[in-house]
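# Close look at the chain arrangement
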Amino acid sequence: MPGYGQGTLTTGSKYNGWCPITEIAKDTRSDFKAAQKVGYLPATASFSVRSDKFAGGQALRVGIKGVPRADRMTPEGEDRYGDYEEREEAKELKRRDEEIATAWNRSDIDSQSDYINSNYYTSVQYED
């Protein structure tokens, strides 16, 4: 969907207007539990959902625990930066987590004019 200028407007499936990040974090935790219950996310993983408020915005930070590095990274060897390649299963898990984490978000971004209007910023990372 077109947004400001040449930007793109993205609206999450559960977005229903601006909401404090603490409420979004609470709802997102419930969404992660429900996704595990139906098998969309692995039952062995655990998720930490933290909210952060700062001047100019708010953020939702999701940490994924319980997925060993050996299950996330390929054993074939290092790339030119010394990192191992992420397995397809790990990429898919992260994509699903990002989908859940951004379900309550509305984001309108035009990088050419440096315009950002987002309900909240999202970060999803594996934690060892």
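First, a word on scope: everything that follows refers to the structure included in this document. (Residues numbered from 1 in each chain as written. Predicted model: local features only at pLDDT ≥ 70, side-chain atom pairs only at ≥ 80, totals over all residues. Heavy atoms only, no water.)

### Looking at the packing of helix H1 (residues 21-37) against helix H3 (residues 88-101)
Two elements in contact, H1 and H3, have axes separated by 9 Å at closest approach and are oriented at 140 degrees. In terms of axis orientation, H1 runs oblique to H3. Two packed elements cross with a definite hand, and for H1 against H3 that hand is right-handed. Of the residues in H3, those in contact with Thr28, Asp31, Phe32 and Ala35 of H1 are Asp97, Ile100 and Ala101. Its residues placed into classes, the contact of H1 with H3 shows 4 nonpolar, 1 polar and 2 charged. (Axes fitted to C-alpha atoms, helices over the stretch in contact; angles between N-to-C directions. Helix = DSSP H or I, 4+ residues; strand = E, 2+ residues; numbered from the N terminus. Parallel < 35°, antiparallel > 145°, perpendicular 65-115°, else oblique. Left-handed = near helix turned anticlockwise from the far one by under 90°. Contact = heavy atoms within 4.5 Å. Nonpolar A, V, L, I, M, F, W, Y, C, P; charged D, E, K, R; others polar.)

### Notes on the sheet that holds strand E2 (residues 46-54)
In spatial order, the strands read E2-E3-E8; together these 3 strands make up an open sheet with mixed pairing. Each having just a single partner strand, E2 and strand E8 (121-126) make up the two edges of the open sheet. Averaged over all neighbouring strand pairs, the angle between strand axes comes to 15 degrees, with direction disregarded. With 6 bridges joining them, strand E3 (residues 57-65) and E8 adopt parallel strand pairing. Across the sheet, the residue bridging to glycine 63 is glutamine 125, located in E8. Each of E2 and E3 touches H1; the most contacted strand, E2, lies at about 165 degrees to it. Here H3 sits on the sheet in contact with E2, E3 and E8, set at roughly 150 degrees to E8. (Pairing = 2+ DSSP bridges.)

### So, H3
When the terminal C-alpha atoms of H3 are compared, their 20 Å separation across 14 residues agrees well with the 20 Å that a helix rising 1.5 Å per residue should span. Among all positions of H3, only Ala90, Leu93, Asp97, Ile100 and Ala101 are buried. Down the axis, H3 shows its buried residues gathered within 100 degrees of arc, on one side only. (Expected span 1.5 Å × (residues − 1). Buried < 20%, exposed > 50% of the residue type's maximum accessible area, 1.4 Å probe, protein only. Arc of directions from axis to C-beta.)

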